[in-house]
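# Observations on the model geometry
The primary structure of each chain is shown beneath.
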Amino acid sequence: MADHIKTVLTREYATRANQPPHVLKPTPLGRALVDAYDAMGERLNRPELRAAAEADFTSIANGKKTKAQVIAETLVTMRRCFDVVQRDVAKLDEAMRKRFGGAAGDG
């Protein structure tokens, strides 16, 4: 989980408070991505996706699934997500415009 939080902070999807309890606060970029994924109907920003991955890792460790099974299942899920995001990329553009302003295609 620490690696996941580090990635979120490195990619500037959120910032962390310097004082305890060190809560994460979404940045405009993080909010725009959540808005876009929600508009697309995707759960890429939801903890359930990461929890499912962690459960799969545990299943591999316990011998209930093979690494190949998990990779195959994950590829199907991620391909479906990629296809939705690619199809609905205008929703990502719109979410970015709402958070950052500017016209489509500005950049």
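Higher on the page you've got the structure.
Computed from a prediction, not measured in an experiment: that's the story for all the values here. (Residues numbered from 1 in each chain as written. Predicted model: local features only at pLDDT ≥ 70, side-chain atom pairs only at ≥ 80, totals over all residues. Heavy atoms only, no water.)

### A few points about the environment of T27
By secondary structure assignment, the location of T27 is in the loop between strand 2 (24-26) and helix 2 (28-40). You can call T27 buried: its relative accessible area is 14%. Along the primary structure T27 and E94 are separated by 67 residues, whereas in three dimensions their C-alpha atoms are 17 Å apart. In this structure T27 touches E12, Y13, A14 and T15, once residues within four positions along its chain are discounted. (Helix = DSSP H or I, 4+ residues; strand = E, 2+ residues; numbered from the N terminus. Buried < 20%, exposed > 50% of the residue type's maximum accessible area, 1.4 Å probe, protein only. Contact = heavy atoms within 4.5 Å.)

### Regarding the pattern of salt bridges
In the structure shown here, the tally under the stated rule is ten salt bridges. R80 is the salt-bridge partner of E42, the closest N and O atoms lying 3.2 Å from each other. Taken together, the residues E42 in the loop between helix 2 and helix 3 (47-61) and R80 in helix 4 (residues 67-87) connect sequence positions 38 residues apart. Residue class for E42 comes out buried when judged on its relative accessible area of 6%. The residue D56 makes a salt bridge to K65 at a minimum N-O spacing of 2.9 Å. Judged by its relative accessible area of 15%, D56 falls in the buried class. Sharing partners across several salt bridges, the network here consists of D56, K65 and E73. (Salt bridge = Lys/Arg side-chain N within 4 Å of Asp/Glu carboxyl O.)

### Topic: the nonpolar core
Judged by nonpolar contacts, L33, A36, Y37, M40, V84 and A95 together constitute the single largest core of six residues. When residues of this core are assigned to their parent elements, the largest contribution, four residues, is made by helix 2. When residues no more than four places from it in sequence are discounted, the contact partners of A36 are K91, L92 and A95. (Core = buried A, V, L, I, M, F, W, Y, C linked by side-chain atoms within 4.5 Å.)

### A closer look at unusual backbone geometry
With an omega dihedral of 15 degrees, the bond running from P20 to P21 counts as a cis peptide bond. Relative to the helices and strands, P21 resides in the loop between strand 1 (14-16) and strand 2. Positive phi is not limited to glycine here, since E12 has a value of about 60 degrees. Here E12 shows up in the loop between helix 1 (2-10) and strand 1. With a phi angle near 55 degrees, H22 is a residue other than glycine that sits in the positive phi range. Considering the arrangement of structural elements, one finds H22 in the loop between strand 1 and strand 2. H22 sits in the partly exposed class, given a relative accessible area of 37%.

### Brief notes about the packing of helix 2 against helix 5 (residues 89-100)
Between helix 2 and helix 5, whose axes approach to 8 Å, the crossing angle comes to 145 degrees. Where helix 2 crosses over helix 5, the handedness of that crossing is right-handed. When helix 2 is examined against helix 5, the residues P28, L29, R31, A32, L33, D35, A36, A39 and M40 are found in contact with a partner set consisting of K91, L92, A95, M96, R99 and F100. For the contact of helix 2 with helix 5, a count of residues per class yields eleven nonpolar, no polar and four charged. (Axes fitted to C-alpha atoms, helices over the stretch in contact; angles between N-to-C directions. Left-handed = near helix turned anticlockwise from the far one by under 90°. Nonpolar A, V, L, I, M, F, W, Y, C, P; charged D, E, K, R; others polar.)

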